[in-house]
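Listed below are the residues making up each chain.
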Amino acid sequence: MKPCPSCGVQIEVNEGYPFWCEHCNWNLAVPSKERQGTAWERLERKMRDTYGQALFKQLQDSPVLATKQGMSERVASAYSLVVIGCSVAGFLFSLFGLVTWYHSPFILISCLLILLLAWLSRPRPHLFPKKAILLNADEHPTTMKIFETVAEKMGVEKGIQFALSPYYEAYTSEYGWRRGRIVVIGYPLLFACTPGELTALLAHELAHCRNNDIRRSALVSHAQRILLNWCHFLDPIRDEDDEYHFSFIATFSRWIMRLLFWFPYRLLAVLIHLYWNQSQRAEYEADRMAAQLAGSRNLISLLQITHMNDVVEPLIARHSLQKQNMTLGQHLHETFSKLPEKEKMRILRILERSQQSMDTTHPATHMRIAMLLLKDAPPAYQISDGEYNKVCQEMTDHVQEKMEHRIIDDYRAKLA
Ligand SMILES: [Zn+2]
Ligand SMILES: [Zn+2]
């Protein structure tokens, strides 16, 4: 215990963790709001900051709304079809234009530009997640059995694949033309979790599979890509950081770009308005389903640890500098099992003040936690300690070396 320099109350000191005061929030370093990202991410963040609270209140009063497929979802699909249709029409028209008006350089350049963007926006399958390793029943029999049990309990029919990624993350996606569904779990997150938190993590991701959240958004995400390509191409924000040299041409072209950018950006904003509510509700619904299986407490503490990148990164840094006497996985497991309660409180306070979310597609984490606190659900099923240890053992036996190399390489690349 040490006195707080600001209010003087005795506060707990935890070796290796930030020293802060829970009484007056002294030294509670709240990160400033992010401004970077694609046009879509910036818009989503704007929506979250403006409408997040309203949606929360709406769902708080009538939780059934979370599952209702609203009118806006249908309109979003129709709107996306129009955007895709225009892109195809633009492509055909440019082909026609190239042949008919090849004498005029201005039309020629415009046609080539439209062709290029149409090509960049063509429908493509998602690739298999970068640097991820697919889990299989030969090398990881127990893990697969446990994961499949959770899937069964969540009411997901067979055909879900599981993969490990080197990042501190978890998400559901699909890949390839056959659109195989895949749940990706970050290797560092897997080791940071308790058995209960891991159950909650799997349950949340599998709830997305069960509700078909990825497939439902296929049309929207294609339209999104088309508009994003246009935005990215015309985005004036990108060169705002550059040193500004005044010249008439530069100012003029910047001004034209801004004008051109406005158009796809507005179209994108409309799409987000239509789609945003639906995608946020899908998250609350996945949380509700996950809490029913794994218990609200486990899910809440999972949400807290997903924001503890600042505990994970220094550990990775240590492993990248020098060989340690345990593996990174073991190190993470040990650190997180001894995590001081005060640290979780710190994360929660930061979340409340910064409106952070896991990524821009998820509601602000403190609202997800508040929603879960409304109705305390006891765990109905939980991966046992023994099972969890077997999962970790299988990871250590088969993927540890490969994965930890990738994590460290990635960390070094980021420093360079
Ligand atoms: Zn204080
Ligand atoms: Zn989710």
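What counts, and where the lines are drawn
Residues numbered from 1 in each chain as written. Chains lettered and ligands numbered in written order. Predicted model: local features only at pLDDT ≥ 70, side-chain atom pairs only at ≥ 80, totals over all residues. Helix = DSSP H or I, 4+ residues; strand = E, 2+ residues; numbered from the N terminus. Rg over C-alpha atoms; globule rule 2.2 N^0.38 Å. Buried ≥ 20, exposed ≤ 12 C-beta atoms within 10 Å, placed from the backbone. Contact = placed C-beta atoms within 7 Å. UniProt positions renumbered as here; feature names shortened; annotations may be inferred. Bend = angle between axes of the 7 residues up to and from the residue. Axes fitted to C-alpha atoms, helices over the stretch in contact; angles between N-to-C directions. Parallel < 35°, antiparallel > 145°, perpendicular 65-115°, else oblique. Nonpolar A, V, L, I, M, F, W, Y, C, P; charged D, E, K, R; others polar. Pairing = 2+ DSSP bridges. Core = buried A, V, L, I, M, F, W, Y, C linked by C-beta atoms within 7 Å. Expected span 1.5 Å × (residues − 1). Left-handed = near helix turned anticlockwise from the far one by under 90°.

A tally of helices and strands in the chain yields 16 helices and 6 strands. In summary, the chain has a C-alpha radius of gyration of 24 Å against a globular reference of 22 Å for 416 residues, a match within 12%. With the principal axes as the frame, the chain shows a C-alpha extent of 75 × 55 × 50 Å. Expressed as a percentage of its 416 residues, the buried residues of the chain come to 34%. Across the chain, every contact between residues at least 6 apart in sequence was considered, and the portion connecting residues at least 24 apart equals 73%.

Moving on, we get to the UniProt feature "transmembrane region" (unreviewed entry) in the chain. When the UniProt feature table is mapped onto this chain, "transmembrane region" (unreviewed entry) is found at residues 78-96, 102-121 and 255-276. From the first C-alpha to the last, residues 102-121 spans 24 Å; its make-up is 80% helix and 0% strand. The span residues 255-276 shows a helical share of 100% and a strand share of 0%, and its end C-alpha atoms are spaced 30 Å apart.

The subject of this paragraph is helix α9 (residues 248-294). By the largest-angle criterion, Y275 marks the main kink of α9, which is about 40°. Looking one or two residues past α9, G295 carries a phi angle of roughly 90°, positive in sign.

Right, let's get into the packing of helix α10 (residues 296-305) against helix α14 (residues 365-374). Look at α10 against α14: their axes get within 10 Å of each other, and the N-to-C directions meet at 170°. As far as their axial angle goes, α14 and α10 are roughly antiparallel. Between α10, through S296, L299, I300 and L303, and α14, the contact on the second element is made entirely by T365, R368, I369 and L372. Class assignment of the residues belonging to the contact of α10 with α14 gives a composition of 5 nonpolar, 2 polar and 1 charged.

As for its position among the elements, K344 is in helix α13 (residues 341-354). For the pair K344 and Q304, spaced 40 residues apart in sequence, the C-alpha to C-alpha distance is 6.5 Å. Sequence-distant contacts of K344, that is, excluding residues within four places in its chain, are made with Q304 and L339.

Take the pairing of strand β6 (residues 180-186) next. Along β6, 5 of the 7 residues are buried, which leaves the element largely enclosed by surrounding structure. As defined by bridge partners, strand β4 (residues 160-165) adjoins β6 across 6 bridges and the pair is classed as parallel. Residue pairing for β6: I160 is matched across the bridge by R181. The hairpin formed by strand β5 (residues 170-175) and β6 contains 4 residues between the paired strands, and G176 there has a positive phi angle of roughly 75°.

Membership of the largest hydrophobic core comes to 63 residues, with the highest contact counts inside it found for M154, I185, A203, L206, A290 and L299. Other than its neighbours up to four places away in sequence, A290 contacts A200, A203, H204, A207 and L299. Grouped together as the second largest cluster of nonpolar side chains are 21 residues, L228, W230, L268 and L274 included.

Take V220: it is sitting in helix α8 (residues 218-234). The spatial distance from the C-alpha of V220 to the C-alpha of S80 is 5.5 Å, given a sequence separation of 140 residues. In contact with V220, other than residues within four places in its own chain, are A76, S77, S80, L271 and Y275.

Spanning 16 residues, helix α6 (residues 195-210) covers 22 Å between terminal C-alpha atoms, matching the ideal 22 Å at 1.5 Å per step. Among the 16 residues of α6, 14 are classified as buried, and the element is accordingly described as predominantly covered. Just past α6, the residue N212 takes up positive phi, approximately 55°.

The next point concerns the sheet that holds β5. On the basis of which strands lie adjacent, the open sheet formed by 4 strands has the order β3-β4-β6-β5 and mixed pairing. Unpaired on one side and paired on the other, β3 (133-134) and β5 mark the two borders of the sheet. In the packing of α6 onto the sheet, the strands contacted are β4, β5 and β6, and the crossing angle to β5 comes to about 35°.

Moving on, we get to the packing of helix α1 (residues 39-61) against α9. Relative to each other, α1 and α9 sit at 45°, their axes nearing to 9 Å. When the axes of α1 and α9 are compared, the pair comes out oblique. For the crossing formed where α1 meets α9, the hand is right-handed. When α1 is examined against α9, the residues A39, W40, L43, E44, M47, L55 and L59 are found in contact with a partner set consisting of Y265, L268, A269, I272, W276, N277, Q280 and Y284. Residues that form the contact of α1 with α9 fall into these classes: 12 nonpolar, 2 polar and 1 charged.

Let us look at unusual backbone geometry. Here the phi dihedral of K131 falls at roughly 60°; this positive angle occurs in a residue that is not glycine. Looking at the element boundaries, K131 is found in the loop between α3 (105-120) and β3. Positive phi is not limited to glycine here, since N212 has a value of about 55°. Mapped onto the elements of the fold, N212 is located in the loop between α6 and α7 (213-216).

Glancing now at the environment of L373. Looking at the element boundaries, L373 is found in helix α14. L373 gets classed as exposed once you count the C-beta atoms within 10 Å, which come to 11. Separated by 77 residues in the primary sequence, L373 and S296 have C-alpha atoms spaced 7.4 Å apart.

Take the pairing of β5 next. Relative to β6, β5 is paired through 6 bridges, and the arrangement is antiparallel. If you follow Y171 over to β6, its bridge partner there is V184.

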